[in-house]
Each structure stands twice: as structure tokens, then as C-alpha cells.
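Coordinate inspection notes
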Amino acid sequence: MKQSDQVKCPVCGMRVGPHQNEIIYQQMQFAFCSEQCKARFLSHPHLYIGYPGEPAPRQRGQVELKRRRLALRQPLSVEGAALVQELLSGLMGVNEATASGETIEVTYDLLQVSLEELEQALTEAGTRLGGDWVERLRRALIHESEETEIEAREATPPHHYLP
Ligand SMILES: [Zn+2]
């Protein structure tokens, strides 16, 4: 494919083919690098496209880094820690993930990664570790007011905007 045919994934900025994971939203066409970015866009579109005359945080080049520190009741084995680290690092938008003993730390861009995606990665790790690990890892991921936090960052519609 010619470089000039490519468009930007509105969530992560990666260059993609114009029809990759394509959707039509408010008569505009968008292509996404991955199902993850597409789901992220559809759950909070105005983080990425804004309103007429009102750019979205992503369009202003904003990155919202968030750091979460998860405390486990039982320590992970060395292999378990490596697996958790690998699965979290594999998510697009995760800057850094470390796991050792009873602590998991993950730094990620709130505009690219949702709590559900972190939870899915931890569930996957727990499933592969067996025993009670699914439950232990999920319990460690405290559900705080993150979604509220992120909604407050969406572009606000100007008064003349009628959907
Ligand atoms: Zn993307």
C-alpha cells in the first residue's frame, strides 16, 4: 500500500490502511489499527474527535498517563510475575508494567487503555496461572472512579452544537 493511502488511527495515532476496522461515525469515516482502539473510540468518541470548533484532548496531542499499583495478598512466582508483566505490556498504550512478588505496577495512557482491558489481561494471566489467580488478580485491581475521571476529560459541546 502507498503511504499516502494511509490514515491515522484516531486513538493511538498509528498509520493504518483506510478500511482497516472501519466505521462510520457521524457521517465521518474512521479506520483503526486494532479492535482495542476501535472499542476505546466507540466508548468515548469525544475524547478523540471533539466537536466543531472544539478539539478533543487527543487532537490536542494530550496523553493522560495513569499509574496503578496493585497489591496482592499472595506473592506471584517468578514465572507468574513474568507472565503478568508480559500480558500487561502487550496492551497498546501501556508504557510500563512491572510485576514482582506481591506488587504489580502499570503505567498507561488513559486515553488508550480502559480498566476493562487491564482486567482482561489480568484475567488471561490468572487463567494461565490456574488456582485462585483469576480471583486474586481481579481483586487487586480496585475499581475506583476511573471512568468518571475520564468522562470529565471529554471535550464539552459548545452551546450551538446540536447532535
Ligand atoms: Zn490505534
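Here's what I pulled together on the structure shown here. Note that this is a predicted model, so its numbers are computed, not measured.

Another aspect to go through is helix α4 (residues 133–140). All of the buried residues in α4 are W133, L137 and A140. An end-on view of α4 places all buried positions within 60° of arc, on one side of the element. Tucked into the core, α4 has its buried residues touching β5 (65–71), α2 (78–89), β7 (103–109) and α3 (115–129).

By size, the foremost hydrophobic cluster in this structure holds 26 residues, and its most contacted members are L76, V84, L88, I104, L118, L122 and L137. Sorting the residues of this core by element identifies α2, β6 (94–100), β7, α3 and α4 as the ones contributing at least two each. When residues no more than four places from it in sequence are discounted, the contact partners of L118 are R68, L88, L91, V106, Y108, V113 and L141. Of all hydrophobic cores here, the second largest spans 15 residues; its members include I23, A31, C37 and I49.

In this section: unusual backbone geometry. Despite not being glycine, Q26 shows a phi value in the positive range, around 45°. With respect to the helices, strands and loops of the structure, Q26 is situated in the loop between β3 (23–25) and β4 (28–30). For Q26, a relative accessible area of 36% puts it in the partly exposed group. Positioned with a positive phi, Q27 is a non-glycine residue whose angle comes to about 60°. The residue Q27 is located in the loop between β3 and β4 in this model. In this structure Q27 comes out as exposed when scored by relative accessible area, which is 78%.

This part takes up the packing of aromatic side chains. Summed over the entire model, instances satisfying the criterion amount to four aromatic pairs. Ring centres of F41 and Y48 lie 6.1 Å apart, and the angle between their planes is 25°; on these two criteria the pair is classed as stacked. In this structure, F41 and Y48 share a single accessibility class: buried. Following the ring pairs from residue to residue traces out a cluster consisting of Y25, F30, F32, F41 and Y48. Sitting over the ring of W133, R136 keeps its end group 4.7 Å from the ring centre.

A few words now on the pattern of salt bridges. Taken as a whole and assessed by the stated rule, the structure comprises six salt bridges. Close ionic contact of R67 with E105 constitutes a salt bridge, the shortest N to O distance being 3.1 Å. Remark: E105 occurs in strand β7 and R67 occurs in strand β5; sequence separation between them is 38 residues. Close ionic contact of R138 with E119 constitutes a salt bridge, the shortest N to O distance being 3.1 Å. With R138 in helix α4 and E119 in helix α3, this residue pair connects regions lying 19 residues apart in the sequence. The class of R138 is partly exposed, set by a relative accessible area of 35%. For E119, a relative accessible area of 17% translates into the label buried.

Scoring rules and cut-offs
- Residues numbered from 1 in each chain as written.
- Predicted model: local features only at pLDDT ≥ 70, side-chain atom pairs only at ≥ 80, totals over all residues.
- Heavy atoms only, no water.
- Buried < 20%, exposed > 50% of the residue type's maximum accessible area, 1.4 Å probe, protein only.
- Helix = DSSP H or I, 4+ residues; strand = E, 2+ residues; numbered from the N terminus.
- Arc of directions from axis to C-beta.
- Contact = heavy atoms within 4.5 Å.
- Core = buried A, V, L, I, M, F, W, Y, C linked by side-chain atoms within 4.5 Å.
- Phe/Tyr/Trp six-rings, centres within 6.5 Å; stacked < 30°, edge-to-face > 60°.
- Lys NZ or Arg CZ within 6 Å of the ring centre and 35° of its normal.
- Salt bridge = Lys/Arg side-chain N within 4 Å of Asp/Glu carboxyl O.

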